[in-house]
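Residues per chain, in single letters:
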Amino acid sequence: MKVIKNIGLIICFIGFAIFTASIFTGTNKVSEEAFNNWASQKVKSEFFIEKAKKEIVGKELSTYELSNKIIQIAEASNEYHKSQQEIAWDKIIWIKYKTSKDFVYPLVRASATGWVANNQGLFFWLTFGLAIFGGTIAFLTDYKLLGPAGIKNNGIFQHSATNRGALGMLAFVYFVGFYVLLYFFPNYLINPILSVNQISKGLSGNESSQWFLYGFMYCAVMTVFAIRMFIKYRHNNYQLVRTGVVLFFQIAFAFLIPEILVAFNKPWFDFKNAWPLNYTFFFDYNINNLIDSGNLGIFMLVWGIILTLIIVPVMVYFYGKRWYCSWVCGCGGLAETLGDPYRQLSSKSLFSWKIERWLIHGVLVFAIAMTALTLYTYFAEIESWKEVALGFSAYDIQSTYGFLIGSIFSGVIGTGFYPILGNRVWCRFGCPLAAYMGLIQRFKSRFRITTNGGQCISCGNCSTYCEQGIDVRAYAQKGENIVRASCVGCGVCSAVCPRGVLKLENGPEEGRINPTEVLLGNDVDLLKLMNEK
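Residues numbered from 1 in each chain as written. Predicted model: local features only at pLDDT ≥ 70, side-chain atom pairs only at ≥ 80, totals over all residues. Heavy atoms only, no water.

Participant: I tried to follow the environment of proline 341 on my own but got confused; where do I start?
Facilitator: Mapped onto the elements, proline 341 comes out in the loop between helix 17 (330-337) and helix 18 (350-379). For the pair formed by proline 341 and proline 508, sequence separation is 167 residues and the distance between their alpha carbons is 35 Å. Filtering out sequence-adjacent residues up to four positions away, proline 341 remains in contact with Ile156, Thr162 and Arg228. (Helix = DSSP H or I, 4+ residues; strand = E, 2+ residues; numbered from the N terminus. Contact = heavy atoms within 4.5 Å.)

Participant: In this structure, what is going on with the environment of asparagine 163? I would like to understand it.
Facilitator: Mapping asparagine 163 onto the fold places it in the loop between helix 8 (142-145) and helix 9 (166-184). Spatially, the C-alpha atom of asparagine 163 lies 52 Å from that of phenylalanine 379, the residues being 216 residues apart in sequence. Not counting the four nearest positions on each side in its chain, asparagine 163 is found in contact with Ile156, Phe157, Gln158 and Leu345. There is a polar contact of 3.2 Å between the side chain of asparagine 163 and the backbone oxygen of phenylalanine 157. A distance of 3.0 Å separates the side chain of asparagine 163 from the backbone nitrogen of glycine 165, its partner in a polar contact. (Polar contact = N/O pair within 3.5 Å; in protein donor to acceptor, adjacent residues only side chain to side chain.)

Participant: Would you take a moment to explain the pattern of salt bridges for this structure?
Facilitator: Should the charged atoms of two oppositely charged side chains come close, the side chains can pair. Taken as a whole and assessed by the stated rule, the structure comprises 19 salt bridges. A salt bridge links glutamate 46 to lysine 91; the nearest nitrogen and oxygen atoms lie 2.9 Å apart. You can see glutamate 46 sitting in helix 3 (residues 46-55) and its partner lysine 91 sitting in the loop between helix 4 (63-82) and helix 5 (100-110), a full 45 residues away along the chain. Its relative accessible area of 46% is what places glutamate 46 among the partly exposed residues. Look at lysine 91 and you get partly exposed, because its relative accessible area is 21%. Two residues, arginine 228 and aspartate 340, come together in a salt bridge whose shortest N-O distance is 2.8 Å. Here arginine 228 is found in helix 12 (residues 210-232), whereas its partner aspartate 340 is found in the loop between helix 17 and helix 18, with 112 residues between them in sequence. Grouping residues by exposure puts arginine 228 and aspartate 340 together as buried. (Salt bridge = Lys/Arg side-chain N within 4 Å of Asp/Glu carboxyl O. Buried < 20%, exposed > 50% of the residue type's maximum accessible area, 1.4 Å probe, protein only.)

Participant: What am I meant to see in the nonpolar core here?
Facilitator: Across soluble globular proteins, you tend to see nonpolar side chains buried next to one another. Counting 104 residues, the largest nonpolar core has Phe35, Phe48, Ile56 and Ile70 as the members making the most contacts within it. At 11 residues, the largest contribution of residues to this core is made by helix 12. The residues contacting isoleucine 70, other than those within four sequence positions of it, are Trp38, Phe48, Ile56, Phe103, Val104, Leu107 and Val108. Among the nonpolar cores identified, the runner-up in size contains 14 residues, and Ile449, Cys466, Ile470 and Val501 belong to it. (Core = buried A, V, L, I, M, F, W, Y, C linked by side-chain atoms within 4.5 Å.)

Participant: Please explain the side chain of serine 407 as it appears in this structure.
Facilitator: You can see serine 407 is positioned in helix 19 (residues 394-416). Residue classification places serine 407 among the buried positions, given a relative accessible area of 8%. In this view, serine 407 contacts Tyr183, Phe184, Gly402 and Val412; residues no more than four positions away in its chain are not counted.

Participant: So what exactly am I meant to see when it comes to the sheet that holds strand 3 (residues 112-113) here?
Facilitator: Strands belonging to one sheet form pairs held by backbone hydrogen bonds; the direction of such a pair is parallel or antiparallel. Ordered in space as 2-1-3, the 3 strands form an open sheet in which the pairing is antiparallel. Edge positions in the sheet fall to strand 2 (60-62) and strand 3, since each of these pairs with one other strand and no more. Sheet topology note: the strand 1 (residues 27-29)/strand 2 ladder contains 3 bridges and is antiparallel. Its bridge partner lying in strand 2, asparagine 28 is registered against leucine 61. (Pairing = 2+ DSSP bridges.)

Participant: I'm lost on the side chain of serine 208 in this one. Help?
Facilitator: Here serine 208 lies in the loop between helix 11 (197-204) and helix 12. On the basis of relative accessible area, serine 208 is assigned to the buried category, the value being 3%. In this structure the side chain of serine 208 is engaged in a polar contact, spanning 2.7 Å, whose partner is the backbone oxygen of isoleucine 193.

Participant: Help me understand the pairing of strand 6 (residues 447-451), please; the structure alone is not making it clear to me.
Facilitator: Regular strands place side chains that alternate from one sheet face to the opposite one. Among the 5 residues that make up strand 6, 5 are buried, leaving the element largely enclosed by the rest of the structure. Burial of the side chains of strand 6 extends over both faces: Phe447, Ile449 and Thr451 are buried on one face and Arg448 and Thr450 on the other. Examined bridge by bridge, strand 6 and strand 7 (residues 502-506) share 5 bridges and lie antiparallel to one another. Note that in strand 7 the partner of phenylalanine 447 across the bridge is asparagine 506.

All we've got here are geometric facts, nothing functional implied.
Following this line, the structure appears as structure tokens:
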């Protein structure tokens, strides 16, 4: 079995290596037609168009060369127009705001040539095909290699990949690097994007984009690592059902249904994504797009409001935030599958808890303020780019939130930092929806984790593998219910407990919070205390 597992890992690595190497290969040849189509939408400068036709149209260039030339020509064009007596501001290319994904990527994508562009189907099987097949084989062998049912974390603190060692640091650099390219420089991911082009055309009829690549990768990675979860936690029905349900919601609701909607010329819409996690829901362009899409669009708009204001708080009241964070949310789904090997890296210190409370609620306040400003400008019929107060416009606030929270925090840090900060960095420190649900869970919910202090042997497994950084053992030793805003109800603390001390329960609110003071002999008069009792 070990031989088969190693073969699977080698096959997976080969597919992964080909995928990664493709980022640095490939060529581009800009046709006159492709350039004219792109320039008609992106450029008004005759200087830029004339110079670009001489330097890039019809020439075979690498992605790096083409991207650099486009920026260089844009800079030269701006210098030319600014040197004129009367500056034609409409011909200035605002490179500062037109990032690679907005300005450079469309032309690079349309001009891709080479082996990958001509063999997209084969390239898919050489990358995703091999990686998925090899990973599946490697994880399936664990059914025998791990022995009898039961959670095996043997050697997890000694392995370089899971103890912030060299392999862990390599994974960290790779994850962060990929997210930076995906969010800000997709023009360097053309070959990987082309690998899923045929699948995109089959689902929606559209060419693949960096977001389709991300969505497909997300589902593929979650599926393969879900196999690992099913085998590792096969003795625990809660974990099996939870993993299956969150995988279903990701594949069906976050990937397939939105793509099928687009195929029927309907708005792309994730029915499970609630505000403020879906922070663009109340943006003017989204509201207008839904309203203009007829009855289905109106339904989507109403559904999003009901989901946020009614369904989310009601479900949290009855079941805690676990119903969403651990059973529905794609961010949580990736954290529970790909991120499971890193859960022990979550800091349990009081300092981290203080940062967590200030940071996550700060993001929630930011999201609320941004949404309030957005709705104000929308109903007041003020253009989003116009200054509202203190020199800022609604667009400025939206862009700042999108960059800092939507891209850097939730993507680059939220997933990229799995190997060094644990698997719930975004959920614990940044997700505004988690903060919103956490406040309800803490003060008005039936959910709690009950403990039996008399059975606790202080092994520390529960605290070690709590992905939210909760010192579960401290509660268990006192027989105190765990009622924390940050708890996502993943149930792993209960699963790893060798004595059955912890149970996830929904019960009456009365007695839900039962703080137990730790009495020290020097602090109390024991005879007086006995008489009072």
